[in-house]
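Listed below, chain by chain, are the residues.
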Protein chains: 2
Amino acid sequence: MKVLLVFAHPEPRSLNGALRDIAVDELKAQGHEVQVSDLYAEGWKSEVDRADFPSLAPDARFKPAKASGEALADNSLTPDVKAEQEKILWADVLILQFPLWWFSMPAILKGWIDRVYSYGFAYGVGEHSDKRWGDRYGEGTLAGKRAMLIVTAGGWEEHYSARGVNGPIDDLLFPINHGILYYPGYDVLPPFVAYKVDRLDDTGFETMAEHLRERMRTLGTIAPIPYRQQNAGDYLIPSMQLRPELGDPRETGFTLHLNKAIKIAAE
Amino acid sequence: MKVLLVFAHPEPRSLNGALRDIAVDELKAQGHEVQVSDLYAEGWKSEVDRADFPSLAPDARFKPAKASGEALADNSLTPDVKAEQEKILWADVLILQFPLWWFSMPAILKGWIDRVYSYGFAYGVGEHSDKRWGDRYGEGTLAGKRAMLIVTAGGWEEHYSARGVNGPIDDLLFPINHGILYYPGYDVLPPFVAYKVDRLDDTGFETMAEHLRERMRTLGTIAPIPYRQQNAGDYLIPSMQLRPELGDPRETGFTLHLNKAIKIAAE
């Protein structure tokens, strides 16, 4: 397989740097081709602004979605954005690796999403009708590809558990896993999350490294998170509500969007 | 009151720009003092990197949390970060205004959080013992102040409702409201969210504007989201699990962290 790893830590001599090298080495040992986009090392620009759209008239009102759709269509996106889109299309698997800062990704990686996910590429794809509401949530440009997160957190695993004070890690990552990765079509694999990373001894590191190697070995086979496909019948169109007969009526929150029948079958 | 509005849209001639002006005008009409941090206009730097810590030795391994704590302690943070921390301390109310991009804030605003929220300022505050786990989640540097979000979304309100395909808006915003605003001590007000903003006619705009004015008039009085305080007895220490007798045992997700008794009293 072809794997793109997008890396968003400013220090190569960090735990994140070590984990990246372990992941890349294991992927290569398995015969995969790997490209790494090292955002800090490459001086990635984080902000969506007018400079991203050189063909926009200087006096035109800047509408980000419209400008990005037009620039994609007339091939006038900036070279840094085009290069990342080409890598995304090249790869069978996308890995986003980052330290969890304030319960989300660092700004530089958010800026990679904001700028690379053009209108017509990652959103604004497909037709709207009484049967379909665009190609998104399980369909779209990146359908058939896989994606996963590698995340490090300073806090304790218990603090991110079902009743932990930070909120459950799967819910904290839902806006990324479902909203950023599943949206343009990726099959999203369960994340690799390393906890308490500031207090890691050698044994802890080796255990973590072996777990990560195992995850890299099963990248092509592990079952994805069983999110419900938007256009496969589970949602009403155009209100995009989950059909009333699906899910527990008392259930609230993100887990409604999991097809638990599939999950059980996969485990 | 003193109000700081942090604005993160690249185009002043946008709906966001118009809503900002409406909010600021109404606040001033109510006699409040207002400062605006216009991140795009000011060329805000989004990335946490070594340049943020001029006193860090050139050959030292860069550890972001440690470097930020040391720079706060020896007063060597960069002038742009110091200026924003001073505005935060000046303000009784913080408003973050942004377009919802990929179910979160634009990179430039995430970079404002990542850089301004220093260790020792917004986290790493207070002692850890068998009674307290730091000053966070309802306590901390910013306790006694209020904060709220002003958010615009292209999608439909139904798509962000309890059973909508995007996930409920309150859950999508939880990592920000609870994880970024409540964490350092703010009382977090319900967000102002504008939907379907790309298809707004004049009537729709005026309704939205009046709703926003009303929210600005009640900034000091509206009841905050009733998140549970970490150190007030609801959580076990140090596992930081919600006590087993609290919340519905079948409940999952972020709503567990709301004290519903308070919410009902406030409504």
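Residues numbered from 1 in each chain as written. Chains lettered and ligands numbered in written order. Predicted model: local features only at pLDDT ≥ 70, side-chain atom pairs only at ≥ 80, totals over all residues. Heavy atoms only, no water.

Per an unreviewed UniProt entry, the recorded name for chain A is NAD(P)H dehydrogenase, and the organism is Paramesorhizobium deserti. In UniProt, chain A has this text filed under Sequence similarities (unreviewed entry): "Belongs to the NAD(P)H dehydrogenase (quinone) family." (UniProt positions renumbered as here; feature names shortened; annotations may be inferred.)

1. A word on the overall build of chain A
Looking only at helices and strands, chain A has eight helices and six strands in total. Whereas a compact globule of 267 residues would reach a radius of gyration of roughly 18 Å, chain A reaches 19 Å, a difference of no more than 12%. Summarising its shape, the C-alpha atoms of chain A cover approximately 55 × 50 × 40 Å along the three principal directions. Taking all 267 residues of chain A together, the buried fraction comes to 57%. Taken together, the 29 basic and 38 acidic charged side chains of chain A have centroids lying 4 Å from each other. (Helix = DSSP H or I, 4+ residues; strand = E, 2+ residues; numbered from the N terminus. Rg over C-alpha atoms; globule rule 2.2 N^0.38 Å. Buried < 20%, exposed > 50% of the residue type's maximum accessible area, 1.4 Å probe, protein only. Lys, Arg positive; Asp, Glu negative; His and termini not counted. Charge placed at Lys NZ, Arg CZ, Asp CG, Glu CD.)

2. Focus: the interface of chain B and chain A
Counting from both sides, the interface comprises 73 residues of chain B and, opposite them, 73 residues of chain A. Roughly 5,600 Å² of surface becomes buried between chain B and chain A when both sides are summed, with 57% attributable to carbon and sulfur atoms. Looking only at chain B, the three residues that lose the most surface to chain A are Trp102, Arg163 and Val165 of chain B, adding up to 18% of its buried area. For the pair chain B and chain A, the interface holds two salt bridges. Ionic pairing is found between Glu11 of chain A and Arg50 of chain B, a salt bridge with its closest N-O pair at 3.4 Å. Scanning the region where chain B abuts chain A turns up 38 residue pairs in polar contact (both at pLDDT 80 or more). Looking at the side of chain B that touches chain A, the elements that each hand over two or more residues are helix 4 (107–116), helix 5 (169–172) and helix 6 (174–182) of chain B. (Contact = heavy atoms within 4.5 Å. Buried area = accessible area lost by both parts, 1.4 Å probe. Salt bridge = Lys/Arg side-chain N within 4 Å of Asp/Glu carboxyl O. Polar contact = N/O pair within 3.5 Å; in protein donor to acceptor, adjacent residues only side chain to side chain.)

3. Details of the pattern of salt bridges
All names here are of chain A. Within the structure shown, the criterion is met by 40 salt bridges over all chains. Note that Arg115 and Asp52 form a salt bridge whose closest N and O atoms lie 3.0 Å from each other. Of this pair, Arg115 sits in helix 4 (residues 107–116) while Asp52 sits in the loop between strand 2 (33–38) and helix 2 (64–73), placing them 63 residues apart in sequence. As far as the burial class goes, Arg115 and Asp52 line up, both buried.

4. Topic: the packing of aromatic side chains
All names here are of chain B. What the rule picks out here adds up to 29 aromatic pairs over all chains. With a centroid separation of 6.4 Å and an interplanar angle of 35°, the aromatic rings of Tyr137 and Tyr182 are classed as tilted. Here the residue Tyr137 occupies a position in the loop between helix 4 and strand 4 (146–152), and Tyr182 occupies one in helix 6, the gap between them amounting to 45 residues. Over the ring of Phe7 we find Arg20; its NZ or CZ atom is 4.2 Å from the centre of that ring. (Phe/Tyr/Trp six-rings, centres within 6.5 Å; stacked < 30°, edge-to-face > 60°. Lys NZ or Arg CZ within 6 Å of the ring centre and 35° of its normal.)

5. A closer look at the relation of the copies chain B and chain A
Expressed as a screw operation, the relation of chain B to chain A combines 0.0 Å of axial shift with a rotation of 180°, fitting to an RMSD of 0.0 Å. This pairing of chains is accounted for by a two-fold axis. Among all residues of chain B, the one whose C-alpha sits closest to the rotation axis is Ala107 of chain B, at a distance of 2.3 Å. When the interface residues of chain B are mapped onto chain A, 100% of them are again interface residues, pointing to one common binding face. (Least-squares fit on C-alpha atoms with pLDDT ≥ 70 in both.)

6. Topic: unusual backbone geometry
Leaving glycine aside, a negative phi is the common case for residues, and trans is the common case for peptide bonds. Residue Pro238 of chain A is reached from Ile237 of chain A by a cis peptide bond, and omega for that bond is 10°. Take Pro238 of chain A: it is sitting in the loop between helix 7 (202–217) and helix 8 (260–266). For Asn75 of chain A, which is not a glycine, the phi torsion comes out positive at approximately 60°. Phi angles above zero are rare outside glycine, and Tyr137 of chain B is one such case at about 50°. On the basis of relative accessibility, which here comes to 0%, the residue Tyr137 of chain B falls in the buried class.

7. Focus on helix 2 (residues 64–73) of chain B
In an α-helix, one turn spans 3.6 residues; hence positions three or four apart end up facing the same way. For helix 2 of chain B, the complete set of buried residues consists of Pro64, Ala67, Ser68, Gly69 and Ala71 of chain B. Where helix 2 of chain B ends, the next residue or the one after it, Asn75 of chain B, has phi of about 60°, a positive value.

8. A few points about the packing of helix 4 of chain A against helix 4 of chain B
Remark: helix 4 of chain A packs on helix 4 of chain B, axes separated minimally by 8 Å, with the N-to-C direction vectors making an angle of 175°. Comparing the axis directions of helix 4 of chain A and helix 4 of chain B gives the class roughly antiparallel. Residues Ala107, Lys110, Gly111 and Asp114 of chain A of helix 4 of chain A touch helix 4 of chain B, and the partners they reach there are Ala107, Lys110, Gly111 and Asp114 of chain B. Here the residues of the contact of helix 4 of chain A with helix 4 of chain B sort into two nonpolar, two polar and four charged. (Axes fitted to C-alpha atoms, helices over the stretch in contact; angles between N-to-C directions. Parallel < 35°, antiparallel > 145°, perpendicular 65-115°, else oblique. Nonpolar A, V, L, I, M, F, W, Y, C, P; charged D, E, K, R; others polar.)

9. Quick word on the packing of helix 3 (residues 79–90) of chain A against helix 4 of chain A
Relative placement of two packed helices is described by the angle separating their axes and the distance separating the axes. Residue and element names in this part refer to chain A. Between helix 3 and helix 4, whose axes approach to 10 Å, the crossing angle comes to 90°. With respect to helix 4, the element helix 3 is oriented roughly perpendicular. Of the residues in helix 4, those touching helix 3 at Asp80, Val81, Glu84, Gln85 and Ile88 are Trp112, Arg115 and Val116.

10. Details of the environment of Glu47 of chain B
Mapped onto the elements, Glu47 of chain B comes out in the loop between strand 2 (33–38) and helix 2. Among the residues examined, Glu47 of chain B registers a relative accessible area of 13% and is labelled buried. Separated by 63 residues in the primary sequence, Glu47 of chain B and Lys110 of chain B have C-alpha atoms spaced 9.1 Å apart. Among all residues touching Glu47 of chain B, those that are not within four sequence positions of it are Tyr40, Trp44, Ser46, Glu47 and Ile108 of chain A together with Asp52 and Arg115 of chain B.

11. Digging into the side chain of Asn166 of chain A
You can see Asn166 of chain A is positioned in the loop between strand 4 (146–152) and helix 5 (169–172). When sequence neighbours within four positions are dropped, the list of residues in contact with Asn166 of chain A reads Phe103, His159, Tyr160 and Leu172 of chain A together with Arg136, Tyr137 and Phe174 of chain B.

12. Examining the side chain of Glu11 of chain A
When you line up the elements, Glu11 of chain A lands in the loop between strand 1 (2–7) and helix 1 (15–29). We classify Glu11 of chain A as buried; its relative accessible area is 2%. Polar side-chain contacts of Glu11 of chain A include one of 3.4 Å to the side chain of Arg50 of chain B. Apart from residues lying up to four places away in sequence, Glu11 of chain A is in contact with Arg50, Ala60, Arg61 and Phe62 of chain B.

13. Details of the pairing of strand 1 of chain A
All names here are of chain A. The buried count for strand 1 comes to five of six residues, which makes it a mostly enclosed element. The pairing of strand 1 with strand 2 spans six bridges and is parallel. Across the sheet, Phe7 pairs through a bridge with Asp38, a residue of strand 2. Both strand 1 and strand 3 (residues 93–99) contribute to a ladder of five bridges, which runs parallel. Residue pairing in the sheet places Leu5 in a bridge with Ile95 of strand 3. (Pairing = 2+ DSSP bridges.)

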